[in-house]
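Examination of the molecular architecture
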Amino acid sequence: MTEHVLHPRIIENKDWVILIFMLSFGIIALIKSIYENRFEDFTRLIYSDKYIKIYRDSSHLMGIFSISLFFVQIISFSFFIQLLLNYFGYGSKTDWILFIQIFTFLIYFILSKFLIEKIIATTFKIEELLEQYNLQKVTYRTYIGLLLLPIDIILFYYDSVFKNISLLVFYTIIGINVLLYIVSIKNYRKEIFGKLFYFILYLCTLEIAPYYFMYYWFTKGSV
């Protein structure tokens, strides 16, 4: 008799990925239609600082425009992190539970960091400086998140492309963030030098230490 061996058929569910991308682009389209002029200025950030100059008030951070694009930014970065984990063998790019975990972690990390920044700024009496500094930093990171979204789509559906450009994109994002820190410090150098000691404490506490510990936890935990 012929012996038949049955192997389970693994079907990857990609429907949630399509829904996530549709939701993201739907939010972008809605924001563009409601805040047409502001969105147009925002898209020109790569070569113009008009948006930063017009919307430099910290109250804009809590508006519908900023919150909506922040939500899309978190989706974009969460999915890129999941793609990296998939590439290094630590997860699956079609695992929706993993996506939710990454998304939730980023939300809690950013909001906790923002709250601690507020406390430190109040304690050191550098509220105005950090508000302007963070507003510029958050704006450019949101811009990067939107640019990353179509790249996420390409990397998800074309595995052969991923091997060639995934790390390049990752290091490019790191490089751009370092450049943003330099530009921000340069733009507010007078205010920073006036409170240099407190600003250095802020950098060490909230801009270097959290990422160092995350890197340490990830590298040690994966051994």
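Just above, that's the structure.
Described below are features of the structure shown in this document.

Calculation rules
- Residues numbered from 1 in each chain as written.
- Predicted model: local features only at pLDDT ≥ 70, side-chain atom pairs only at ≥ 80, totals over all residues.
- Heavy atoms only, no water.
- Helix = DSSP H or I, 4+ residues; strand = E, 2+ residues; numbered from the N terminus.
- Buried < 20%, exposed > 50% of the residue type's maximum accessible area, 1.4 Å probe, protein only.
- Contact = heavy atoms within 4.5 Å.
- Areas by Shrake-Rupley, 256 points an atom, 1.4 Å probe, with all protein chains shown as cover.
- Axes fitted to C-alpha atoms, helices over the stretch in contact; angles between N-to-C directions.
- Parallel < 35°, antiparallel > 145°, perpendicular 65-115°, else oblique.
- Left-handed = near helix turned anticlockwise from the far one by under 90°.
- Expected span 1.5 Å × (residues − 1).
- Arc of directions from axis to C-beta.
- Salt bridge = Lys/Arg side-chain N within 4 Å of Asp/Glu carboxyl O.
- Patch = residues over 30% accessible without salt bridge, like charges linked within 9 Å, V, L, I, M, F, W, Y side chains within 5 Å.
- Core = buried A, V, L, I, M, F, W, Y, C linked by side-chain atoms within 4.5 Å.

**What about the overall build of the chain?**
Tallying secondary structure elements over the chain gives 9 helices and 0 strands in all. When its helices and strands are written in sequence order, the chain yields α-α-α-α-α-α-α-α-α. Counting all 223 residues of the chain, 38% fall into the buried class. Across the chain, contacts joining residues at least 24 apart in sequence account for 78% of those joining residues at least 6 apart. Total accessible area on the chain is roughly 14,300 Å²; 68% of this is exposed by carbon and sulfur atoms.

**Quick word on the packing of helix α4 (residues 64-87) against helix α5 (residues 96-124)**
Direction vectors running N to C along α4 and α5 enclose 125°, while the axes themselves pass 9 Å from each other. Between α4 and α5, the angle is such that the two are oblique. Every pair of crossing elements has a handedness; the one defined by α4 and α5 is right-handed. Here F70, F71, I74, I75, F77, S78, F79, I81, Q82 and L85 of α4 lie close against α5, whose contacting residues are L98, F99, I102, F103, L106, I107 and I110.

**Describing helix α1 (residues 15-34)**
For α1, spanning 20 residues, the distance from its first C-alpha to its last is 29 Å, which sits close to the expected 28 Å at 1.5 Å a residue. For α1, every residue scored as buried is listed here: W16, V17, I20, F21, S24, I27, I28 and I31. Angularly, the buried residues of α1 cover 145° about the axis, an arc narrow enough to put them on a single face. Residues of α1 that are exposed and angled more than 90 degrees away from the buried face: D15, L19, M22, S33 and I34. Lining the buried residues of α1 we find α2 (36-43), α4, α5 and α6 (127-157).

**As for the pattern of salt bridges**
Evaluated as defined, the whole model comprises 2 salt bridges. Close ionic contact of E40 with R44 constitutes a salt bridge, the shortest N to O distance being 2.5 Å. The partly exposed category is assigned to E40, whose relative accessible area is 36%.

**Quick notes on a nonpolar patch on the surface**
Taken together, F170, Y171, I174, V178, L179, I182 and V183 make up a surface patch of nonpolar side chains, about 630 Å² in accessible area. As for its position among the elements, F170 is in helix α7 (residues 159-187).

**Considering the nonpolar core**
Counting residues in each nonpolar core, the largest one holds 41 residues, and the members touching the most others are F42, L45, F65, F79, F80 and F99. Looking at this core, the elements that each hand over two or more residues are α1, α2, α3 (50-54), α4, α5, α6 and α7. Of all hydrophobic cores here, the second largest spans 6 residues; its members include A121, L129, L130 and Y133.

From the geometry alone we can't say anything about function, so treat these as descriptive.
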